[in-house]
Amino acid sequence: MKNQDFKQTVYVDQFTNGTLDPNEEMSFRVKNNGNIVANTAPGCWGPMITPELKGGHEVTKPVYVEGAEAGDAIAIKINSIRVTSAATASGHDMPMEGRFNGDPFVAGICPNCGAKNPKTVVKGIGQGAIRCAECGEDVTPFTFTNAYTMAFNDDKSLGITLDKEAAERIAKDAKEYMNTPENSIQNPVVTFAPHDIVGAVARVIPFLGQLGTVPKSAFPDSHNAGDFGQFLIDAPHEYAKTAEELEDRTDGHMDINRVREGAIILCPVKIPGGGVYLGDMHAMQGNGEIAGHTTDVAGIVDLNVKVIKDLNIDGPILLPIEEDLPPVAKPFTEAEIKKAKQLAAEWNIEKLETSYPLSFVGTGAALNEATMNGLDRAARFLGIEITEVMNRATITGSIDIGRNPGVVTVTFLVPLTLLEKVKLDKLAEEHYG
């Protein structure tokens, strides 16, 4: 590619069909150390009730980053995140038998005419409003078990859950309230008008549930992780994988609430250009996303992307903002360092470690497997024993759930000497200095 093909700032306003395919040419190209600005579409529930989409989300089309090659990493700094939806709806899901082939996120079918990944039309409001465009049958692969509609205040600092009358008012003007991007094809989830929880107040702290790079083989976007990816093993549809092929993933679907404004995420590069994509913005979420879903919203995101050559990582590494770090993993203050030096002098310890925090993302079929994956990734990347990682994560860090059933972060203070070996010392010093 010629240098003039790459832009300093790329504005992304197009979305995938729910899949991440390394064989699809990337039409958006950004310079190394350039910026990506995107209007993201809501994640889970809208795509989940739009069976035309072949994944659980509708993420942005990937961006080719100048100079990125397999075996590198891309450092993505989240400059800003802004919620643009005025309302949303969410809740716990139940798959609808007879409306999918093996996986309701990927392989929706019409229970009447048998159309695969059928196009849909919206008729009315409520949980039966999504209809097959061919035969008119109720075709959504999911329904709510317990759910709510939430409206946000003007400055997007708080949300409240609404009653039946208000939820139905929003449902009748669904796209306007959700502010769905023009090129998005998803059905707005507020169409369902759920109202099981009324009057709950929640703080808006937006983050990206999806932020990463394109896998080595084609994945449904929501399955680009070690837990959701389990559904692909020997699946009865075109995206079936073996356990070995699941290692092609890049774990871009994290649902880690610390992937928010100010944070840096290091993502593995497995194909030329990396293919940076994003989406699934959430207005708020506690650790674990225990209901399976949270408040999906549209929004505006500004990212900076920088290639780090020969940083061969297995999965994402997060540098959270200091506020989001576990108390024992925060960088030490000058006063604390002074006390530590006094203590060292008492015990004749000549040199103390200088250290900075890293959070290694681990994923797997369940939380235990995800934890071991994160520990193993940290040990291999830093060139130390896994038992040393365990010790450091115990006294200077923590294991935190990103998403139940199988996404965690292994966070701990990493000695500067190790950061220098993997060429992350300057990045960590700048971020936490």
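What you see is a predicted model; the values in this text were computed from it and never measured.

Rules and cut-offs
Residues numbered from 1 in each chain as written. Predicted model: local features only at pLDDT ≥ 70, side-chain atom pairs only at ≥ 80, totals over all residues. Heavy atoms only, no water. Helix = DSSP H or I, 4+ residues; strand = E, 2+ residues; numbered from the N terminus. Polar contact = N/O pair within 3.5 Å; in protein donor to acceptor, adjacent residues only side chain to side chain. Contact = heavy atoms within 4.5 Å. Buried < 20%, exposed > 50% of the residue type's maximum accessible area, 1.4 Å probe, protein only. Arc of directions from axis to C-beta. Core = buried A, V, L, I, M, F, W, Y, C linked by side-chain atoms within 4.5 Å. Pairing = 2+ DSSP bridges. Axes fitted to C-alpha atoms, helices over the stretch in contact; angles between N-to-C directions. Disulfide = S-S within 2.5 Å. Parallel < 35°, antiparallel > 145°, perpendicular 65-115°, else oblique. Left-handed = near helix turned anticlockwise from the far one by under 90°. Nonpolar A, V, L, I, M, F, W, Y, C, P; charged D, E, K, R; others polar.

## Brief notes about the side chain of R403
Part 1: Residue position: R403 is located in strand β19 (residues 397-403).
Part 2: At 2.7 Å, the side chain of R403 and the side chain of D227 are in polar contact.
Part 3: Dropping the residues within four chain positions of it, R403 is found in contact with A225, D227, F228, H253, M254, D255, G288, E289 and L367.

## Some points on helix α2 (residues 164-171)
Part 1: Those residues of α2 that fall on the buried side of the exposure criterion are A166, A167, I170 and A171. One side of α2 carries all its buried residues, which in axial view fall inside an arc of 140°. Among the exposed residues of α2, those pointing more than 90 degrees away from its buried face are E165 and R169.
Part 2: Looking at the buried positions of α2, the neighbouring elements they touch are β6 (87-95), β9 (142-152) and α3 (174-178).

## Brief notes about the nonpolar core
Part 1: If you look at the biggest cluster of nonpolar residues, it comprises 40 residues, and the most contacted ones within it are I36, I76 and L211.
Part 2: When residues of this core are assigned to their parent elements, the largest contribution, five residues, is made by strand β5 (residues 73-83).
Part 3: The contacts of I36, once residues within four sequence positions are left out, are V10, V12, V30, V63, V276, L278, V301, D302, L303 and V305.

## Describing the sheet that holds strand β10 (residues 158-161)
Paired through their backbone hydrogen bonds, the strands of a sheet run either parallel or antiparallel.
Part 1: Taken together, four strands build an open sheet; the order of strands is β6-β9-β10-β11 and the sheet is antiparallel. Each edge of the open sheet carries a strand with a single partner, namely β6 and β11 (201-203). Strand-to-strand twist in this sheet, taken as the mean axis angle between neighbours without regard to direction, amounts to 30°.
Part 2: By the bridge criterion, three bridges tie β9 to β10 in an arrangement that is antiparallel. Each bridged residue has a counterpart across the sheet, and for A151 the counterpart in β10 is I160.

## Things to note about the state of the cysteines
Part 1: Following the criterion strictly, the structure yields zero disulfides and no others.
Part 2: Here C110 is not disulfide-linked; the sulfur of C135 is the nearest cysteine sulfur, at 3.5 Å.

## Brief notes about the packing of helix α5 (residues 367-382) against helix α6 (residues 386-395)
Part 1: Contact geometry of α5 with α6 gives a least axis separation of 8 Å together with a crossing angle of 110°. The pairing of α5 with α6 is recorded here as roughly perpendicular in orientation. Crossing angle aside, the handedness with which α5 passes α6 is right-handed. Within the contact between the two elements, α5 uses M372, L375, D376, A378 and A379 and α6 uses I386, V389 and M390.
Part 2: Residue composition of the contact of α5 with α6, grouped by class: seven nonpolar, no polar and one charged.

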